[in-house]
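Here's the letter readout for the chains.
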Amino acid sequence: MSWEIFVTISHIIGTVLGVGGATFAEIFYLKTDKNGSVAYTVMRIGMIILVLSGFGYLLLLRFSGQEQYIYSPRLWAKLTITLVILVNALLLQIHKLPIKVGSAISLTSWYAALVLGAWRGLPVGYFGIMAWYMVAILAVALLQHFIRKKMIVKA
Amino acid sequence: MTPLLKFLLAAHVVLGLLGVAAFYAVWMGLLRETSPVKFLKASAIWGVVFLVLSWATGGYYYATYYGAAVRSVIRAGQYSWAHNVFMEAKEHIFLFLPFLGIVLAVTLVALGERIDQKPVLKKELAILAGVLSVLGIFITLAGAVISGAVR
Amino acid sequence: MAATIAAICAIFFVTLITVLADLVPPLKDWLKAVFTHHWIGKGILSVALFALLFLVLEKTPRQAEEGRLAAMLRLLSWFAVLGTLVLFGFFLYEAFVK
């Protein structure tokens, strides 16, 4: 197995755990299920694997003489979104952010990072990506609001 | 770049990331009302170990290879600021981290289970862990900026 | 407490010697001559300073008062932040203004 394949597999595992964890954290939160804490642990493990394998990718680019891709807007957007996930977690921890807002940011961020990772040749610059990202957060927040309302009505 | 230098650079990055992650975990743990003391002590100690190892591996790479083979390439290219600003800043700010980490580890070990009964100290340790984490993240991103300029 | 004070001094030292070594070339040359590389010299000297201060202060009998320790930890955080800003600002200045 080459280092490229090892890093790719690791990155996919990290994505699965992170995005999956974020998705189930959202589901458990909506259903006020006590198993929510397990989802957060899975998310954290996913994040660690993602960050390590993500920088593994950068190292492979460096070693193979493809350093120009390190300055790709898509990559720096992903790094920014990863930072947002970490800051978001912190603000939720110290109760400085309402859970509804934090939940929308977390879910959108994980999926945004996944989409950016998969979308080779995305013809948008860094600021364009960040603008769409913020629009996506608003859209997800609205969607969550309607889902919660519907669930309350159903109950 | 020889296989040894590639290994050292990779080890420097991975160990540095593990060190920053360990202190981010300490930061998050100290922000909780009831801190997981055993976990915090272990995380802080391992964080120091990772940072020192990152220092050693990166330092060898830097002192024996970077100056001659990488710096000149960056300075001759269109991203000379990547070395002149980011590398120069990074290589010196990095020296702060092990000392910050040692203070956190020593204090957490000394306080032990009493940490939750000492909210003032706990808050200051949380701030310190936060400072270390943020500096670590800045240094990590600076490393990416520098690597991307080698062309 | 000893580790905190030693760390404050080490960080101050690193910041000071880094700026001075760039402004005073003979200092950088001296570091290179003694330690083979200026950065290695800064690292070794800062570790030596930290270790020496830690050992001396640890032996000095003092009342480890919580309030004082908290204040020193806050000071350490400030030194780390200010040291970072000084170094980053200094190299920005050297690269673009000087």
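Residues numbered from 1 in each chain as written. Chains lettered and ligands numbered in written order. Predicted model: local features only at pLDDT ≥ 70, side-chain atom pairs only at ≥ 80, totals over all residues.

Turning to the overall build of chain C, a few remarks are in order. Tallying secondary structure elements over chain C gives four helices and zero strands in all. Mapped from its N terminus to its C terminus, chain C presents α and β elements in the order α-α-α-α. For 98 residues, the compact-globule estimate of 2.2 N^0.38 gives 13 Å, and the C-alpha radius of gyration of chain C, at 16 Å, exceeds that figure by more than 25%. Judged by the C-alpha coordinates and their principal axes, chain C covers about 45 × 30 × 15 Å. In chain C, buried positions account for 35% of the 98 residues. Taking as baseline every contact in chain C between residues at least 6 positions apart, the subset at least 24 positions apart corresponds to 76%. (Helix = DSSP H or I, 4+ residues; strand = E, 2+ residues; numbered from the N terminus. Rg over C-alpha atoms; globule rule 2.2 N^0.38 Å. Buried ≥ 20, exposed ≤ 12 C-beta atoms within 10 Å, placed from the backbone. Contact = placed C-beta atoms within 7 Å.)

Each helix and strand in chain A was counted, giving five helices and zero strands. Secondary structure of chain A in N-to-C order comes out as α-α-α-α-α. Relative to its length of 155 residues, chain A is compact, with a C-alpha radius of gyration of 17 Å against a globular reference of 15 Å. Considering only C-alpha atoms, chain A reaches an extent of 60 × 35 × 25 Å along its principal axes. For chain A, the residues scored as buried account for 25% of the 155 residues in total. Looking at chain A alone, contacts between residues at least 24 apart form 72% of all its contacts between residues at least 6 apart.

Our next topic: the nonpolar core. With 104 residues, the main nonpolar core has Val-26, Phe-96, Leu-100, Leu-104, Leu-128 and Ala-129 of chain B together with Ala-7 of chain C as its most contacted residues. Of all the elements, helix H1 (residues 3-30) of chain B adds the most residues to this core, at 15 residues. Residues within four places of Phe-96 of chain B in sequence aside, it is in contact with Leu-135 of chain B together with Ile-11, Val-14, Ala-80 and Gly-83 of chain C. (Core = buried A, V, L, I, M, F, W, Y, C linked by C-beta atoms within 7 Å.)

Attention shifts here to the interface of chain A and chain B. Counting from both sides, the interface comprises 16 residues of chain A and, opposite them, 17 residues of chain B. Put simply, the parts of the chain that give the side of chain A that touches chain B at least two residues each are helix H2 (36-63) and helix H3 (73-93) of chain A. The element that contributes the greatest number of residues to the side of chain A that touches chain B is H2 of chain A, accounting for eight residues. Residues that form the side of chain A that touches chain B fall into these classes: 12 nonpolar, two polar and two charged. (Nonpolar A, V, L, I, M, F, W, Y, C, P; charged D, E, K, R; others polar.)

Take unusual backbone geometry next. Of note, the phi angle at His-95 of chain A is positive, near 55 degrees, even though the residue is not glycine. As for its position among the elements, His-95 of chain A is in the loop between H3 and helix H4 (99-118). The backbone of Thr-36 of chain C shows a phi angle near 70 degrees, a positive value even though the residue is not glycine. Within the secondary structure, Thr-36 of chain C sits in the loop between helix H2 (25-35) and helix H3 (38-59). On the neighbour-count criterion, Thr-36 of chain C (11 C-beta atoms within 10 Å) is exposed.

Further remarks concern the packing of H1 of chain B against helix H5 (residues 119-148) of chain B. All names here are of chain B. Contact geometry for H1 and H5: axes closest at 8 Å, N-to-C directions at 150 degrees. On the basis of the axis angle, H1 is roughly antiparallel to H5. In this structure, H1 crosses over H5, and the sense of that crossing is left-handed. Taken together, the residues of H5 that come into contact with H1 (itself represented by Val-13, Gly-16, Leu-17, Gly-19, Val-20, Phe-23, Tyr-24, Val-26, Trp-27 and Leu-30) are Lys-122, Leu-125, Ala-126, Ala-129, Gly-130, Leu-132, Ser-133, Gly-136, Ile-137, Thr-140 and Gly-143. The class makeup of the residues in the contact of H1 with H5 is 13 nonpolar, seven polar and one charged. (Axes fitted to C-alpha atoms, helices over the stretch in contact; angles between N-to-C directions. Parallel < 35°, antiparallel > 145°, perpendicular 65-115°, else oblique. Left-handed = near helix turned anticlockwise from the far one by under 90°.)

Attention shifts here to the interface of chain C and chain B. Across the boundary between the two partners, chain C contributes 31 residues, which contact 26 residues of chain B. With 17 residues, the top contributor of residues to the side of chain C that touches chain B is helix H4 (residues 66-96) of chain C. Among the residues forming the side of chain C that touches chain B, the class breakdown is 19 nonpolar, eight polar and four charged.

Residue and element names in this part refer to chain C. Summarising the element assignment, Gly-41 is placed in helix H3. Separated by 11 residues in sequence, Gly-41 and Trp-30 have C-alpha atoms that sit 9.2 Å apart. Non-local contacts of Gly-41, meaning those with residues more than four positions away in its chain, are made with Leu-31, Val-34 and Phe-35.

A word on H3 of chain C. Here H3 of chain C is 22 residues long and its end C-alpha atoms lie 32 Å apart, about the 32 Å a rise of 1.5 Å per residue gives. Among all positions in H3 of chain C, only His-38, Trp-39, Gly-41, Lys-42, Gly-43, Ser-46, Phe-50 and Phe-54 of chain C are buried. At its buried positions, H3 of chain C is contacted by helix H2 (37-76), helix H3 (81-93) and helix H4 (96-111) of chain B together with helix H1 (2-23) and H2 of chain C. (Expected span 1.5 Å × (residues − 1).)

Each pair of packed helices can be summarised by the angle the axes make with each other and by the distance between the axes. Packing of H5 of chain B against H4 of chain C leaves a shortest axis separation of 9 Å and a crossing angle of 15 degrees. In terms of their interaxial angle, H5 of chain B and H4 of chain C are classed as roughly parallel. The two elements H5 of chain B and H4 of chain C meet at a crossing, and its hand is left-handed. In this structure, H5 of chain B uses Val-120, Leu-121, Glu-124, Leu-125, Ile-127, Leu-128, Val-131 and Leu-135 of chain B to contact H4 of chain C, whose residues at the interface are Glu-66, Leu-69, Ala-70, Leu-73, Arg-74, Leu-76, Ser-77, Ala-80, Val-81 and Thr-84 of chain C. Taken together, the residues of the contact of H5 of chain B with H4 of chain C sort by class into 13 nonpolar, two polar and three charged.

What follows concerns the domain arrangement of chain A. All names here are of chain A. Considered domain by domain, chain A is made up of domain 1 (1-66) and domain 2 (72-155). One C-alpha centre belongs to domain 1, the other to domain 2; they are set 16 Å apart. Tallying the contact residues gives eight residues for domain 1 and 10 residues for domain 2. Top element by residues in the side of domain 1 that touches domain 2 is helix H1 (residues 3-30). It accounts for seven residues. In the side of domain 1 that touches domain 2, the residues fall into five nonpolar, two polar and one charged. (Domains from an automatic or database assignment.)

Below, the discussion takes up the arrangement of the chains. By number of contacts, the leading pair among the two pairs of chains in contact is chains B and C. The two units chain A and chain C remain apart, with a minimum C-alpha distance of 18 Å.

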